[in-house]
Amino acid sequence: MLLRKVLLRGASASRLLISNKSPPASLLPLASGCTRFFSSSTQSEGPNDGFVAGQEGGDEQPAATITVDRSGLYHPPEHSHEPTTESELVKHLKGIIKMIGVWVMCLWEQMGQPKKVNLVELGPGRGTLMADLLRGTAKFKSFTDSMHIHMVECSPVLQKLQHQNLKCEKVCNADENGEKSSVTSITGSPVTWYSSLEQVPSGCMNLSYNTKFPPTIILAHEFYDALPIHQFQRSSRGWSEKMVDVGEDSKLRFVLSPQPTPATLYLMKRCKWATEKEVESLKQIEICPKAIDLTHTIAQRISSDGGGALIIDYGLNGVISDSLQAIRKHKFVSILDDPGSADLSAYVDFPSLKHTAEEASDNVAVHGPLTQSQLLGLLGINFRVEALLENCTDEQADSLRTGYWRLVGEGEAPFWEGPDELAPVGMGTRYLAMAIVNKKQGTPVPFQ
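Values in this document were obtained by computation on a predicted structure and should not be read as measured data. (Residues numbered from 1 in each chain as written. Predicted model: local features only at pLDDT ≥ 70, side-chain atom pairs only at ≥ 80, totals over all residues. Heavy atoms only, no water.)

Enquirer: So, the overall build of the protein: which residues are in play, and what are the values?
Expert: Along the backbone of the protein there are 13 helices and 20 strands. Taking as baseline every contact in the protein between residues at least 6 positions apart, the subset at least 24 positions apart corresponds to 75%. For the protein, the computed accessible surface area is about 21100 Å², with 52% contributed by carbon and sulfur atoms. (Helix = DSSP H or I, 4+ residues; strand = E, 2+ residues; numbered from the N terminus. Contact = heavy atoms within 4.5 Å. Areas by Shrake-Rupley, 256 points an atom, 1.4 Å probe, with all protein chains shown as cover.)

Enquirer: Describe the packing of aromatic side chains, naming the residues involved and giving the relevant values.
Expert: Counted according to the given criterion, the structure contains three aromatic pairs. Judged by centre distance (5.2 Å) and plane angle (70 degrees), the ring pair of W108 and F143 falls under edge-to-face. In this pair, W108 is assigned in helix α3 (residues 100-110) and F143 in helix α5 (residues 141-146), connecting sequence segments 35 residues apart. What makes W108 buried here is its relative accessible area of 3%. (Phe/Tyr/Trp six-rings, centres within 6.5 Å; stacked < 30°, edge-to-face > 60°. Buried < 20%, exposed > 50% of the residue type's maximum accessible area, 1.4 Å probe, protein only.)

Enquirer: Let's hear about the pattern of salt bridges: which residues, and what values?
Expert: Pairing between side chains of opposite charge can happen when the charged atoms of each approach one another. Throughout the structure, instances matching the rule amount to eight salt bridges. The residue D337 makes a salt bridge to R328 at a minimum N-O spacing of 3.3 Å. Taken as a pair, D337 and R328 share a single burial class, namely buried. A salt bridge links R401 to D398; the nearest nitrogen and oxygen atoms lie 3.0 Å apart. In this pair, R401 and D398 are both assigned in helix α13 (residues 394-408), three residues apart and thus about one turn of the helix distant. (Salt bridge = Lys/Arg side-chain N within 4 Å of Asp/Glu carboxyl O.)

Enquirer: Provide a residue-level description of the packing of helix α12 (residues 381-389) against α13, including the pertinent values.
Expert: Their axes nearest at 10 Å, the elements α12 and α13 cross at an angle of 170 degrees. In terms of orientation, α12 and α13 fall into the roughly antiparallel class. Residues I381, N382, V385, L388 and L389 of α12 lie in contact with α13, whose contacting residues are A397, L400, R401, Y404, L407 and V408. Here the contact of α12 with α13 is built from residues that sort into nine nonpolar, one polar and one charged. (Axes fitted to C-alpha atoms, helices over the stretch in contact; angles between N-to-C directions. Parallel < 35°, antiparallel > 145°, perpendicular 65-115°, else oblique. Nonpolar A, V, L, I, M, F, W, Y, C, P; charged D, E, K, R; others polar.)

Right, dumping it as structure tokens:
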């Protein structure tokens, strides 16, 4: 009812107005620090171009005997994360999504306000999220004094940008683990960089928060969707992994593996977590072994050290059939189009993360996933929008409602009166949030 009230309140009879500024990164399926794989010198192929299948039936054939048979491969329906435009007021509204600092502080309080906490961000991109978090919590000195920030980033270029955006000024003396850290002038907190989560110092069987190793809080915001995925397709011999091959014309093409691959073990695990009905209806399954392994590591760390993790990303609360996409200059291109300079992303399979964490340790609890619409609703976005509408022009109100719909709505906005090609598309159910916490903390905000 309140959502309807926000959308309809003060709506102009004229066409809604939207600015022509560049698409917001948060509404694109590109994760921070996403590796570039594809280049952009030629036109993209259609969604069915470049597909071939392995020879089916009879005895298994060696890889060299794979023949062209495009009819054997499944051609999934088109899908997209539509890029959109935004206004300055909508940018302000989108800041509500990053109340992540409040979540971290609430979890810290639930842990009993420990004197030391490891705050870890996976794939920090340019470092803007962490910088915003620190600025938003800078006045809570007992909280910021407890923080040791760990940035997990393998790119030296991005590490340099993060160092600049966090306003790091000097290098501290080595700590008890031999690590040298910079200090952010925003809060005075030490900041250390690592290329993997495994390198971040951790306790072992840490039974309380007063031991040598402090609890850990991990943030993964639009990180999982950049991890590599594997696609399996149903064939006459069962599930076969889709591989990349070079055809006789020297062009890249998809083929089906003639025999099981190492990723098949992860496929078997994913099918075990799904219902028989879910699997039977699919012609293709997408899995992410890296996501499963990473979540297992996160859960074990939280189990031993205490603390929690917040994962926010594009994804589904179910088995994923086909979501891998390549984007170049805000446009979708063929996956096999000129490897080298397009961004790849795929939906995050949240149930696989949930099952992985629960199986990794009995000491952790998984909460969610919540949709972006649910998350923002629990964080008070409806009341925030109502307050913003009290002091804005008709044009700003139209823009605000449009942005609000993109954040919490689903599908095309029912109130839109402008050109069809500019109709705002709701992302409220495409973006999910999940928390993994040590059971000592209880249920974290806003998952109660």
